[in-house]
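The chain contents come next:
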Amino acid sequence: MTDRTTARALTDLPYHRYLADSEGPPEEPADHECVHFVGTDLSDAEIQGSRFRECAFSGATFGTARLSRTNFTDVWLSGCGLIRTDVTASGWLDAEFVTTVLAGTVAYDSTMRRVTFHGCKLDAVNLRGSRLTDVTFVDCALREIDFGGATLTRVRFPGSSLRDVRFDGAVMDRVDLREAAEIHLQLGAGPLSGLVIDTGQLLGLAPTFAAALGVTVAD
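What you see is a predicted model; the values in this text were computed from it and never measured.

Trainee: What's the story with the overall build of the protein in this structure? I'm lost.
Mentor: Along its length, the protein carries one helix and 20 strands. Computed over the C-alpha atoms, the radius of gyration of the protein is 18 Å, within 12% of the 17 Å expected from 2.2 N^0.38 for a compact globule of 219 residues. Projecting the C-alpha coordinates of the protein onto the three principal axes gives extents of approximately 65 × 30 × 25 Å. Looking at the protein as a whole, 44% of its 219 residues are labelled buried. When contacts within the protein are restricted to residue pairs at least 6 apart in sequence, long-range pairs at least 24 apart make up 9% of them. Surface summary for the protein: the accessible area is close to 10,700 Å², and the carbon and sulfur share equals 47%. With 20 positive and 30 negative side-chain charges, the protein shows a spacing of 4 Å between the two charge centroids.

And the structure:
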């Protein structure tokens, strides 16, 4: 495990000097490389299957854009809003989200590898059946996130709060909650093998585990 990282600025990106500002939202599926989308409104975009490589999104609004099966490689999103955005079966590699809001985002069956979220808010995000590898949520607020049936490997939550988060049916390997600021899980059927917590967190989760097991605690 690596130490907590600091959110990068646009000028920290190795390709920032090559970025060219976009002239507007994409109008059809295409390959995009070294494009900077500044305040772009992609709400009406239907660009399924597009590819974004070494691109940056600053204050972009994705809204109800349809981005299923779209691949994002070495991308940076800062101050963006993915509200009810469809990114099902999308691919994210070496991506970074900074102070970005994801709410009602449909992202099931997606693949994320070496992805970091810094200071983001995630609310009612559907990640069922997705594959997350080396993903870190730093100082984020996660609420009603569904990891059901997902495969999670080396996923961390330093400084983040998790409320009503589901891992039922997930296949987990070194999913580390020990650095999380707050944990509240919604337990479903199946074990939680591969989830790592500390003793204090275990005591805090005891009522949740007891309720899931049908155990009555009476003094």
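Trainee: Sorry if this is basic, but what is going on with the nonpolar core here?
Mentor: Generally speaking, a soluble globular protein has its nonpolar side chains buried in company with each other. Grouped together as the largest cluster of nonpolar side chains are 53 residues, with contacts concentrated most on Phe117 and Phe137. Elements represented by at least two residues in this core include exactly strand S3 (35–38), strand S12 (111–118), strand S14 (131–138), strand S16 (151–156), strand S17 (161–166), strand S18 (171–176) and strand S19 (182–186). Not counting the four nearest positions on each side in its chain, Phe117 is found in contact with Phe97, Leu102, Met112, Leu122, Val135, Thr136, Phe137, Val138 and Cys140. Counting six residues, the second-largest nonpolar core is a separate cluster that includes Tyr15, Leu19, Trp76 and Val98.

Trainee: I keep staring at the environment of Asp86 and nothing clicks. Help me out?
Mentor: Positionally, Asp86 belongs in the loop between strand S8 (81–83) and strand S9 (91–93). Judged by its relative accessible area of 24%, Asp86 is partly exposed. In this structure, the C-alpha to C-alpha distance between Asp86 and Gly63, residues 23 residues apart in sequence, is 8.8 Å.

Criteria and cut-off values
- All chains use their own residue numbering, which begins from 1 and follows the written sequence.
- Local features in this predicted model are restricted to residues of pLDDT 70 or higher, and side-chain atom pairs are both shown and tallied only at a pLDDT of 80 or more, whereas totals for entire chains, interfaces and linings draw on every residue.
- Where side-chain values are given, they derive from all heavy atoms of the structure, hydrogens and water being excluded.
- Under the scheme used here, helices are H or I runs from DSSP no shorter than 4 residues and strands are E runs no shorter than 2 residues, and both carry numbers assigned from the N terminus.
- All radius of gyration figures rest on C-alpha atoms, and the globule criterion is 2.2 Å times the number of residues raised to 0.38.
- Classification of residues uses two cut-offs on accessible area relative to the type maximum, computed with a 1.4 Å probe and protein chains only: under 20% is buried, over 50% is exposed, and between them is partly exposed.
- Only heavy atoms enter the contact rule, under which two residues are in contact if any of them lie within 4.5 Å.
- Exposure was quantified through the Shrake-Rupley algorithm and a 1.4 Å probe, taking into account, for residues, occlusion by the shown protein chains and nothing else.
- In this count, Lys and Arg are taken as positive residues and Asp and Glu as negative ones, while His and the chain termini are left out.
- Taken as the charge location is NZ of Lys, CZ of Arg, CG of Asp or CD of Glu.
- Joining through side-chain atoms within 4.5 Å is the link that ties buried Ala, Val, Leu, Ile, Met, Phe, Trp, Tyr and Cys residues into a set, and such a set is a nonpolar core.

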